[in-house]
Amino acid sequence: MDSINFLSVANALVKIIKNTYSYDETPPNIEEEELAQLLLEKLHDITHEFIFIDENENGDGPSEDDTFQPYTDQEGNYILPSEVSMEYKKRAVEEFERHPGWKFLTFQQNFSKVRQPNYINRWKKQIEMGGTKYELFIEIENYVYQQFKLCREQYLPVHDMDLKKWAILKASEFNGLMFKASHSWLNTFKRRNRIVSRKIQKLVSFRAVKEVEDIQQDAEDFRAQIVPLLKNFAHNKIFNTDQTGFRYEMVSARTLSTQGERYTFGSCSSPKNKCTHSYTVQYVITYAGDILDPVFICLQENDGTFGPRVLDTMFIAPNIYVTCTKSGKLNRSKVEEFLDEIIVNNRNGNLLYIQDMWTGQTDRRLYTSRCTDDLNMDVRFIPEHCTDVCQPLDTYFHRQLKYLARQFYSFESVHAKTPTPQLLTRDGLLKMQSLVHYLLSAPVFRNMIKYCWFSSGIWDGEDRPVFRNVKEFETLHLQRVAYQFECIFDAKSNAVNGFDLRGPHDLPVTVGGKYGLFVMSHIDSNVFLTLNPTPLMILTSEARVTFP
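Residues numbered from 1 in each chain as written. Predicted model: local features only at pLDDT ≥ 70, side-chain atom pairs only at ≥ 80, totals over all residues. Heavy atoms only, no water.

Draft legend 1. Here's a closer look at the sheet that holds strand E9 (residues 349-355). Overall, mixed pairing links the 6 strands, which are arranged E8-E7-E6-E5-E9-E10 in an open sheet. At either end of the open sheet lies a strand with only one pairing partner, and these are strand E8 (320-325) and strand E10 (375-381). Shown here is a sheet whose adjacent strand axes are inclined to one another by a mean of 25°, direction ignored. Pairing between strand E5 (residues 238-247) and strand E6 (residues 278-286): 9 bridges, direction antiparallel. Residue pairing in the sheet places asparagine 240 in a bridge with isoleucine 285 of E6. Docked against the sheet, helix H12 (residues 332-344) engages E5, E6, strand E7 (295-300), E8, E9 and E10, running at close to 175° with respect to E8. Here helix H16 (residues 426-440) sits on the sheet and contacts E5, E6, E7 and E8; the angle it forms with E6, its principal contact strand, is near 15°. (Pairing = 2+ DSSP bridges. Helix = DSSP H or I, 4+ residues; strand = E, 2+ residues; numbered from the N terminus. Axes fitted to C-alpha atoms, helices over the stretch in contact; angles between N-to-C directions. Contact = heavy atoms within 4.5 Å.)

Draft legend 2. Molecular detail of the packing of helix H6 (residues 133-153) against helix H8 (residues 183-192). Interaxial distance between H6 and H8 falls to 11 Å at its minimum, and their mutual angle equals 65°. Classified by the interaxial angle, the pair formed by H6 and H8 is roughly perpendicular. At the point where H6 passes H8, the crossing takes the right-handed sense. Across the interface between the two elements, Phe137, Ile138, Ile140, Glu141, Val144 and Tyr145 of H6 pack against Trp185, Phe189 and Arg192 of H8. For the contact of H6 with H8, the class distribution of residues is 7 nonpolar, no polar and 2 charged. (Parallel < 35°, antiparallel > 145°, perpendicular 65-115°, else oblique. Left-handed = near helix turned anticlockwise from the far one by under 90°. Nonpolar A, V, L, I, M, F, W, Y, C, P; charged D, E, K, R; others polar.)

Draft legend 3. Up close: the environment of aspartate 373. Here aspartate 373 lies in the loop between helix H13 (365-368) and E10. Aspartate 373 sits 25 residues away from asparagine 348 along the chain, and the two C-alpha atoms are 9.0 Å apart.

Draft legend 4. The arrangement of the pattern of salt bridges in detail. Tallied over the entire structure, the rule returns 13 salt bridges. Here aspartate 363 and arginine 332 are joined by a salt bridge, their closest N and O atoms 3.2 Å apart. Here aspartate 363 is found in the loop between E9 and H13, whereas its partner arginine 332 is found in helix H12, with 31 residues between them in sequence. Exposure remark for aspartate 363: the relative accessible area of 18% places this residue in the buried category. Arginine 370 is the partner of glutamate 336 in a salt bridge, and the nearest nitrogen-oxygen pair spans 3.8 Å. Highlighted residues: glutamate 336 in helix H12 and arginine 370 in the loop between H13 and E10, separated in sequence by 34 residues. Glutamate 336 gets classed as partly exposed once you look at its relative accessible area, which sits at 28%. Judged by its relative accessible area of 13%, arginine 370 falls in the buried class. Bridged by salt links that share partners, the residues Arg332, Asp363 and Arg365 form one connected network. (Salt bridge = Lys/Arg side-chain N within 4 Å of Asp/Glu carboxyl O. Buried < 20%, exposed > 50% of the residue type's maximum accessible area, 1.4 Å probe, protein only.)

Draft legend 5. Quick look at a nonpolar patch on the surface. Residues Leu13, Ile17 and Tyr23 make up a contiguous nonpolar surface patch of roughly 300 Å² in combined accessible area. With respect to the helices, strands and loops of the structure, tyrosine 23 is situated in the loop between helix H1 (6-20) and helix H2 (30-49). With relative accessibility at 55%, the residue tyrosine 23 sits in the exposed group. (Patch = residues over 30% accessible without salt bridge, like charges linked within 9 Å, V, L, I, M, F, W, Y side chains within 5 Å. Areas by Shrake-Rupley, 256 points an atom, 1.4 Å probe, with all protein chains shown as cover.)

Draft legend 6. Just the side chain of threonine 325, in detail. Here threonine 325 lies in strand E8. Excluding its chain neighbours within four sequence positions, the residues that come into contact with threonine 325 are Cys298, Leu299, Gln300, Glu301, Gly304, Asn331 and Lys334.

Draft legend 7. Local environment of the pairing of E6. Where burial is concerned, most of E6 is hidden: 9 out of the 9 residues are buried. Both E6 and E7 contribute to a ladder of 3 bridges, which runs antiparallel. When the sheet's bridge partners are listed, valine 281 is paired in E7 with isoleucine 297.

Draft legend 8. Quick peek at the side chain of asparagine 193. Inspection of the secondary structure assignment puts asparagine 193 in the loop between H8 and strand E4 (198-205). Within the local environment of asparagine 193, its side chain forms a polar contact with the side chain of glutamate 141, the two groups lying 3.0 Å apart. (Polar contact = N/O pair within 3.5 Å; in protein donor to acceptor, adjacent residues only side chain to side chain.)

Draft legend 9. Looking closely at the environment of glutamine 300. Tracing the backbone through its elements, the reader meets glutamine 300 in strand E7. Along the backbone, glutamine 300 and serine 327 are 27 residues apart, and their C-alpha atoms lie at a distance of 5.3 Å. A polar contact is formed between the side chain of glutamine 300 and the backbone oxygen of lysine 326, at a distance of 3.5 Å.

Printed below as a string of structure tokens:
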């Protein structure tokens, strides 16, 4: 990566930011300077932990005839294979040394291929070197090509200097061989092996290069370590947690449109802001199939803090915990806040705590310092590159979470004709996350969460959990209902929590409650359908439900 100029990267980044955002230039404060230092460290990581895939070749490659081009020596003479075998040369040299008094003509009668007396000295040198010059050049070529091939199989960049170094290293094994890895040798080598300079166009992570077998082995080793531990903990004390990012505006990448149109456009409220900015949501699921509450939400705020006015007016729900940083990402202090507010608070007993190896949460002092006589945490880290196959939240849960969230955005963009979309506001997205958490916590989804553990291989049961996911439930229970995403109905107290309701919108919807998964049959109706693990039942409120 020597060709990458960090200053050029910084200038290009400044240009992109100026074209994308409308910021005033101000002197950096302490936090911004720390963020700049962090970006520099990340840039170092990128240039060392990411590698390139090349796709397009620069210019014409070598022709088929070039693959047979012979090497040349320092005088420009072609280095060609010898017509005499090395075995013949060895016998001739041994016979000549055994009879030093023989005349050359007498010796030549037994070894007719020795045409000149100097052949003996030449062949002797070849035997000492280990072969003819042609044979040694072919050995050097094979070695250099194998090294080149190994590097390119790992998508590592290779340059002319690398080829020369490998050649000189191999040539040093042959005593007496005069080899300089000249420019002429280099060009001949590249032509013979059809090696050309290619433009680097695409980055891939080392994760894509790591052998699939190695990842699978790491995953199997981790499962073999974790599964025997499951019997030592209560099922509701086995936790998996992970962060997932949400964009402030979730836009569909596909749409129905007219066949044959030249361009297919999509629209959003803020292409350069809400669609590019994100916040973090962190769930905790248990082996018993439950979701811990509250869910941890880290928003992106300009100063990294909520102002007094925001704190006084911000939407608050019992099933969400809201904090913020300047980036919307978690750092070490937010990991500590998460542990204190979500894990330690109101938890006790022996916990098996499973998470990935993100650097901000791998310090074991974060956990040992929070262990008490009433709380003990056995923390296990999923190996690098194995989260896709070993982390329950990643193997299934997050897809369901984001599918459900997209339904709200899709509904609002098409059906909710409001001047200011509510989901683009801070309170709107918090209400949406509260409702999504409320829905997924319904008992009907408990087996789905158990399946997340099954699909990750962290499972000691014999049978695969039978379940219906969010999309299947919606398909099986298509009810045309009057719906606005702000409504959560509590069948026990006949109360509506959260959002203002302004008229019906016809859309299939599921609404979650503490005692089951409720589907509103009509916005003015007092009849609700609940699906519990027990048989279906109809709940009817005592009084007619009215909405503001």
